[in-house]
Amino acid sequence: MTATSPAITLNNDVEIPALGFGVFLTPPEETASAVETAIGDGYRLIDTAAAYLNEHQVGEGIRRAGIVRSELFVTTKLWVADYGYDKARRAFDTSLRKLGLDFLDLYMLHWPVPSDFDDTVAAWKAAETLLGEGRVRAIGVCNFTTAHLEQLLAQTEIVPAVNQVELHPFLTQTGLQENNRRLGIVTQAWSPIGGVYGRNPDAAPDSARSPMDHPVVTGIAAHHDKTPAQVLLRWHLQQGRSAIPKSVHAERIAENFDVFDFSLDDDELKAIDGLDTGRRAGSDPETFNASSFPITIDEA
Ligand code: NDP
């Protein structure tokens, strides 16, 4: 029998699968098959973004999987170059068309742009309108700090349902998680197994190249006869977070979903918490803007 992920109830009562599938840096030519494989293994949450330039292929993978639309939870993200009210609404239409869907489950602002927060706010207001029109079931943000959330909430109506942030054992963001919880926002971990260290190896602490290599994690994995990736995904799920690991390899896609037959005890969870360095390996939300990643997103 295919396993299913537990669900987390968002602040508007929509349910999101806790464990999902990410496709950042999945090459377009490998995306449809990765998504089809993931859905076949039981994943029901697919996380893409306009800026990943693979929305067409995510849609193709969904169609190939032949799954009933209502069983799937599809997220995409608005890129920062499309912030502002009108641009955001157009970009939403483009994403939906590329995905071949007639509604989205979750639409997110991809980064805050602190140097031009008015446009970030205008983009959020567009997302609020899309939610009101029923074109998306929930709206959220990515990479918002507590201060960015406060700034947003002071000027808008709807509290984000999800804040998707860099979160793995080397960056646990406990303060941000607590603030999200207080506001009723689900924390969703990007780079949940530490993929960001593959892109930025210099950011890793001396003791390990990635959280998956750290002896604390490999030791716990050996104890449970599970892999480091599986241990890290349990760590997220047991602490109430959503996580969206990415892989292009069928065996890893299956491995990362095979996490529902064991659990970590409190000491193991605390030992992993203890690996926090407080340092990001990804971009800094305080300084992010459209030139941080100059991406051209075509309309076709
Ligand atoms: P992950 O933590 O998911 O790690 C992915 C990396 O780990 C890839 O290199 C993958 O390689 C490898 N990997 C996957 N499974 C295993 C395994 N079982 N054992 C060993 N290695 C494995 O990192 P990501 O940065 O991709 O984050 C996940 C998702 O989060 C993204 O795909 C995207 O959807 C989202 N994201 C969002 C961001 C945002 O700003 N909102 C920023 C970054 C990511 P391979 O593919 O070769 O198997």
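As the structure is a computational prediction, the values presented were derived from the model and not from experiment. (Residues numbered from 1 in each chain as written. Predicted model: local features only at pLDDT ≥ 70, side-chain atom pairs only at ≥ 80, totals over all residues. Heavy atoms only, no water.)

Q: Can you tell me about the overall build of the chain, naming the residues and giving the values?
A: Across its full length, the chain carries 11 helices and 10 strands. For the chain, the C-alpha radius of gyration of 18 Å lies close to 19 Å, the compact-globule estimate for 300 residues. Referenced to the eigenvectors of the C-alpha coordinate spread, the extents of the chain come out at roughly 55 × 40 × 35 Å. Taking as baseline every contact in the chain between residues at least 6 positions apart, the subset at least 24 positions apart corresponds to 74%. Accessible area for the chain stands at about 12,500 Å²; split by element, carbon and sulfur atoms hold 49% of it. Each charge class in the chain was averaged separately, 25 positive and 42 negative side chains, and the resulting centres sit 3 Å apart. (Helix = DSSP H or I, 4+ residues; strand = E, 2+ residues; numbered from the N terminus. Rg over C-alpha atoms; globule rule 2.2 N^0.38 Å. Contact = heavy atoms within 4.5 Å. Areas by Shrake-Rupley, 256 points an atom, 1.4 Å probe, with all protein chains shown as cover. Lys, Arg positive; Asp, Glu negative; His and termini not counted. Charge placed at Lys NZ, Arg CZ, Asp CG, Glu CD.)

Q: Explain the packing of aromatic side chains to me, using residue names and the numbers behind them.
A: Considering all chains together, one arrives at 10 aromatic pairs under this definition. Plain terms: the ring middles of Trp-79 and Phe-288 are 5.9 Å apart, the flat faces sit at 90° to each other, and that makes the pair edge-to-face. Here Phe-288 lies in the segment after helix H11 (266-273) and Trp-79 lies in the loop between strand E5 (73-78) and helix H3 (85-99), a separation of 209 residues in the sequence. The class of Phe-288 is buried, set by a relative accessible area of 1%. (Phe/Tyr/Trp six-rings, centres within 6.5 Å; stacked < 30°, edge-to-face > 60°. Buried < 20%, exposed > 50% of the residue type's maximum accessible area, 1.4 Å probe, protein only.)

Q: Tell me about the sheet that holds strand E7 (residues 136-142), and please be specific about residues and values.
A: As a general point, the strands of a sheet are linked pairwise by backbone hydrogen bonds and lie either parallel or antiparallel. On the basis of which strands lie adjacent, the open sheet formed by 8 strands has the order E3-E4-E5-E6-E7-E8-E9-E10 and parallel pairing. If you trace the sheet from one side to the other, it starts and ends with strand E3 (21-22) and strand E10 (242-243), each paired once. Of the strand pairs in this sheet, E3 and strand E4 (residues 45-47) are connected by 2 bridges, and their pairing is parallel. Each residue of the ladder has a partner; that of Phe-21, found in E4, is Ile-46. Sheet strands in contact with H3 are E5, strand E6 (104-109) and E7, and its direction is about 135° off that of E6. (Pairing = 2+ DSSP bridges. Axes fitted to C-alpha atoms, helices over the stretch in contact; angles between N-to-C directions.)

Q: Describe the site of the ligand, with residues and values.
A: Taken together, 29 residues lie near the ligand, and Asp-47, Ser-191, Lys-246, Ser-247 and Arg-252 sit nearest. Take Asn-143: an N or O atom from its side chain is 2.9 Å from an oxygen atom of the ligand. Here the ligand loses 88% of its free accessible area of 900 Å² to cover by the protein chains. (Near = heavy atom within 4 Å. Polar contact = N/O pair within 3.5 Å; in protein donor to acceptor, adjacent residues only side chain to side chain.)

Q: Lay out the packing of helix H1 (residues 28-41) against helix H10 (residues 250-257) with the relevant residues and their values.
A: The contact between H1 and H10 brings their axes to 10 Å, and the two run at 35°. Here H1 and H10 pass one another in a crossing that is right-handed. Between H1, through Ala-34, Thr-37, Ala-38 and Asp-41, and H10, the contact on the second element is made entirely by Ala-250, Ile-253, Ala-254 and Phe-257. Its residues assigned to classes, the contact of H1 with H10 shows 6 nonpolar, 1 polar and 1 charged. (Left-handed = near helix turned anticlockwise from the far one by under 90°. Nonpolar A, V, L, I, M, F, W, Y, C, P; charged D, E, K, R; others polar.)

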